[in-house]
Amino acid sequence: MSFAPPRRPGPPSSRRRRSPIVVTVAVLAAVVAAVLILAQFWTEVMWFDALGFERVVWTQWIARAVLFAIGFVLMAGPVYWSFSAAYRARPVYAPTTPEQATLDQYREAVEPLRRVVTIAAPVVVGFFAGVAASAQWRTVMLAINSQPFGTQDPQFGIDHGFYVFQLPALRFAVGLLISVVVVSAIAALVTHYLYGGLRVGPVPPGTPRTTRAARIHLAVLAALFMMLLAANYWLDRYSVLTASGEKFDGASYSDVHAVIPSKAILAGVAILVAVLFLIAAFRGNWRLPAIGVGLMVVSAVAIGGIYPAVVQRFQVTPNAQELEAEFIQRNIDSTLTAFALDDVETQQYDATTEAEQGALREDAETAASIRLLDPQVVSPSFRQLQQNKQYYDFTDNLAVDRYTVDGESRDTVIAVRELNLDGLGANQRNWVNDHTVFTHGYGVVAAYGDQPGPDGRPAFFEGGIPTEGALTGAEEYEPRIYFSPSTETYSIVGAPDDAEPWELDYQADDEEGGGQVNTTFPTEEVTAGPSIGNLAAKVLYALKFGAQEILFSDRVTDESQILYDRDPQQRVAKVAPWLTLDNRVYPAVVDGRVKWIVDAYTTSNAYPYSTSTPLQESVTDSLTLAAQQGAPIELPEQVNYIRNSVKATVDAYDGSVTLYAWEPNDPVLKAWQSVFPTSVEPMSEISGDLMSHLRYPEDLFKVQRTLLRDYHVTDAEQFFSGQDFWANPTDPTQSGESSPLQPPYYLTLQMPGQESPAFSLTSTFIPGGNSNRQILTGFLAVDAEAGSEAGQRSPDYGRLRLLELPRDLTVPGPGQVQNNFDSNPTISEQLNILERGSSSVVRGNQLTLPVGGGLLYVQPVYIQSATGTQFPLLRRVLVAFGDQTGYAETLDEALDQVFGGDSGADAGDAQGNAEDEAPTAPVDEGGGATEPEPSPEPTTTQEPAPAPTGDARARLDAALQDANEALQQGQTALQEGDFAAYGEAQERLQSALEAAVAAEDELEGAAG
């Protein structure tokens, strides 16, 4: 019998043909993934290139990629080597023991996957190490480009630049290397144990537990670990200077005399143990390194833990005030320097609480500039009177600035008419309208801050569509707003020269072509965004935004540009990822263009002995909480050094971002300028017009006032006792159990000792601790005017002036003043009566001014309809000085009430209400809003008019009925534009309310 020779089977994988469908699907999936990644990657490059900051994105990405590669190689290489070396050094014949018999089963199971694990495990851990290293690109770039501070720390005498720049990078590098050694040691231990190079169980007497190769491998890794641990201990000595303590930050007495020496000793012990491990590697005896490790543990507990605790408990605590004084003084000095508080001009202010006639005569300019328009209240009035179109809108929190009008500098409330697609009806929302027609906002609106307009409305000197007014009279003015905080969607702009414009400016009945005024963004002259005129760009952006219309729309032409990331803060954050941004962005009309101004900071949390403060907590107040929209800007968790190093502007028309070096000597800014040498322009490039609108930033001021609550005390012994610490008051206009802090306010005022009034940012202080006393302890103001000369900052800019009130003087604080306002019988009665009708009362910001030898409080009172169309109108002004209060239709009258009939100064509204210098449009022609309803007049503190006859209850009912009729008649008159009839109705309303007050007084007297 003959048999055919058997066929040799080949590997199954070589016999099985891959399916063409599977290959095709895999290739297509890879192509799609690559295109999607490219859509995100290359569109970012195009965006940065359009702004002229392409070097920023490439520098950032290259730095991240290099650090990723370094981290990956540093981790993956040693781990792979550790696996391979342990496997190659495995004993040929593993000892025959029960333990090895068990391990044989694991080896048989692992062996088929060994090569995969040997490669995959290093790749995985290397990937995570690379990601961690990549995230530290800022730290590494600062270390490479470090700059000297020119000042030394008081402990080691080392330049502060070492702590801010090099030390964080060194700590990161040592930490990464320790991780590499630990993971490599784990890989070595597992492999040696699995293949017999290391035995854990019982072994015959005289038999080593490790092979020679395993012993050398593990001992060398252990020695490396101990050397890195020694380096870590040594760096700990410097990090103690930035540690947080219970009473103050930085090294304390026990730190200097116990912790720092113990860290040096532990570093020496670690080096000794490393040497013992190296000796063991070649001598074959683990006894010495084992003793060394035990010594290390004992040293860490005794020297590193017990000894400092003993020094603190038995030496420092009983004598803390004396022993800690030197180190508290270090903390005070460093904190004041790190937060630019070392030049605060502090003076005692013996404030009077007696309001005397003519007391404001020497403060006449300040009194004339007191702001009556609350930018956080009047936004609805701006909307009703100046929004004009339903597809435009104003932000809820308007900006305060100053402009020269008719040769006089005036505090101004200004707003930008931003694009608001939500104002469109559902039938108007489609891709063409959303992205090619409604592409921009239009113009600014400005009103006097110190003088109301007709009927308590804002007095606009800039507004209307087309724009008219004092700010934009120049022919070169560009009103279109393509970039603004509220513009979230993308727009496609530009068109061929022969095409009819389709970007809507506004509707106008006297225009041809459907009553619309359209425009075309001049993309051939101006670059505002990436060009999408070619097919590749269209495909990338269609994928990026998930909009196939970009590919097929006839409105996407060779001339088209796409605008996105249009929030000014977002644009600055992208082109300068190394900066921390202020929460506030404000507009200014500069050289014929609307510019968004963003303050930016360089920060650190590594300045020796300086106190760390939580940045988010420090800058949060009632204003920031009310203004929060979407995700808040990213802030560092803690900072102990901050400088307003950069002023940034974003052009509202073309989106161009310009960064100006505002603190050119700041070492952190210098370091970043070395990283991005073309990003920041010198201060000399700031025009005079722009300089006049730059101001001291709010967030920096909030951080400084937070620190000054404690650090106005500059004596170490007094600081230790803490008996004179302050607090910032909560906002008295806010209700609730946990009211937010009162925000600082921009005002034009003249501080005691100041030569002339200046645009300033102000805040107040009350007693700290557990006391709830609402008396004033301090008043802080900073000169916020940057000047008006091109490239030259005013020498007074940023000058902080602190008024400290005597400890034995009781001056009402914001909370007490608000309580006095609310509890005043005349004021509360009249406002309560108004609340009963169809009106509601809105109390404006409470301003504090150091004038008349004391503290003056001013609060505007607005009235608005309780239902329907609501917008506040200024009707009354509350004033307080000491315990005296005034309540009148005008600030000038209220001041006279408080100061004995003559304050000695004329307020901004002394000459009556200002007339509008810009057109108003209370009716939204687009149909998005209705005619505004008038708000009723509140009553005054004057004697009520004679009451009609009849019993008090009947007279009260009749008066309220008359008031309601007068209110309705006033509404009708205002809707018809008959202001004469409206004025008569207001007079009848006033008389009726006075009669109602008198009748209610009579009823309460009878009840009593």
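Residues numbered from 1 in each chain as written. Predicted model: local features only at pLDDT ≥ 70, side-chain atom pairs only at ≥ 80, totals over all residues. Heavy atoms only, no water.

Details of a nonpolar patch on the surface
Quick reminder of the rule: Exposure above 30% relative accessible area and the absence of a salt bridge qualify a residue for a patch, where like charges join within 9 Å and nonpolar side chains (Val, Leu, Ile, Met, Phe, Trp, Tyr) within 5 Å. Residue-level accessible areas treat just the shown protein chains as cover; the underlying method is Shrake-Rupley with a 1.4 Å probe. Whenever Lys or Arg places a side-chain nitrogen within 4 Å of a carboxyl oxygen from Asp or Glu, that contact is recorded as a salt bridge. Put simply, DSSP marks the helices as runs of H or I at least four residues long and the strands as runs of E at least two long, and each gets a number from the N terminus on.
Judged by side-chain polarity, Ile37, Leu38, Phe41, Trp42, Trp58, Ile62, Val66, Ile70, Leu74 and Leu177 come together as a nonpolar surface patch covering roughly 860 Å² of accessible area. Breaking the nonpolar patch down by element, the ones donating at least two residues are α2 (20-51) and α3 (54-88). Looking at the nonpolar patch, the element that brings in the most residues is α3, giving 5 residues. Relative to the helices and strands, Leu74 is located in helix α3.

A word on a negative patch on the surface
Spelled out, the test is: As used throughout, the charge tally considers Lys and Arg to be positive and Asp and Glu to be negative, leaving His and the chain termini uncounted. Throughout, a charge is located at the NZ atom of Lys, the CZ atom of Arg, the CG atom of Asp or the CD atom of Glu.
A surface patch of like charges, here negative, comprises Asp497, Asp498, Glu524 and Glu525. With respect to the helices and strands, the residue Glu524 is situated in the loop between β13 (516-519) and α17 (535-545).

With respect to helix α10 (residues 287-316)
Applied cut-off: One less than the residue count of a helix, multiplied by 1.5 Å, gives the span that helix is expected to have. Throughout, the bend at a residue refers to the angle made by two axes, fitted to the seven residues ending there and to the seven starting there. Each residue's exposure class comes from its accessible area (1.4 Å probe, protein chains only) as a fraction of the maximum for that residue type: buried when under 20%, exposed when over 50%, partly exposed otherwise. Should any heavy atoms of two residues lie within 4.5 Å, those residues are considered in contact.
For α10, with 30 residues, the first-to-last C-alpha span of 40 Å sits near the 44 Å given by 1.5 Å per residue. At Ile306, α10 shows its maximal bend, which comes to roughly 30°, and the proline Pro308 appears one to four places after that position. Within the span of α10, buried status applies to Pro289, Gly292, Met296, Ser299, Pro308, Val311 and Val316. Where the residues of α10 are buried, they touch α8 (212-239), α9 (253-283) and α11 (320-323).

Some words on the sheet that holds strand β7 (residues 444-452)
We apply this condition: For two strands to be treated as a pair, DSSP must find at least two bridges joining them.
The sheet built from 5 strands is open, its strands ordered β3-β4-β7-β8-β9 with antiparallel pairing. This sheet does not close on itself; its edge strands, each paired only once, are β3 (399-405) and β9 (468-469). Where β3 meets strand β4 (residues 408-416), 7 bridges bridge the pair, whose relative direction is antiparallel. Bridging from a neighbouring strand, Asp401 pairs with Thr412 of β4.

Description of the pattern of salt bridges
According to the stated counting rule, one finds 29 salt bridges in the structure shown. The salt bridge partner of Arg402 is Asp401, with a shortest N-O separation of 3.1 Å. A salt bridge links Arg807 to Asp724; the shortest N-O distance between them is 2.3 Å. With Arg807 in the loop between β26 (800-804) and α26 (814-823) and Asp724 in the loop between α25 (716-721) and β22 (726-727), this pair connects stretches of sequence that are 83 residues apart. A residue is classified by how much of its surface remains accessible, and Asp724, at 10% relative accessible area, is buried. By sharing partners, the salt bridges in this structure join Glu345, Asp796, Arg799 and Arg801 into a single network.

Points about the packing of helix α6 (residues 137-144) against helix α7 (residues 160-194)
For any two helices packed against each other, the geometry is given by the interaxial angle and the distance between the axes. Test applied: Helix axes use the C-alpha atoms of the stretch in contact, all axes being lines fitted to C-alpha atoms, and the angles between their N-to-C directions lie in the range 0 to 180 degrees. Throughout this description, any angle smaller than 35 degrees is read as roughly parallel, any larger than 145 degrees as roughly antiparallel, any in the 65 to 115 degree range as roughly perpendicular, and the remainder as oblique. Definitions for this section: a left-handed crossing has its near helix turned counterclockwise from the far helix by less than a right angle. A right-handed crossing has that turn clockwise.
The contact between α6 and α7 brings their axes to 8 Å, and the two run at 130°. With respect to each other, α6 and α7 are oriented oblique. Considering how the two elements wind past one another, α6 and α7 form a crossing that is left-handed. Note on element contacts: α7 touches α6 through Phe165, Gln166, Pro168, Ala169 and Phe172, opposite Thr139, Val140, Leu142 and Ala143.

Considering the pairing of strand β15 (residues 580-590)
In terms of burial, β15 is largely enclosed, as 10 of its 11 residues are buried. Summarising the sheet, β15 and strand β16 (residues 593-604) pair through 8 bridges and their orientation is antiparallel. The residue of β16 that forms the bridge with Val585 is Val598. Between the end of β15 and the start of β16, which pair antiparallel, lie 2 residues, with Asp591 showing a positive phi angle near 50°.

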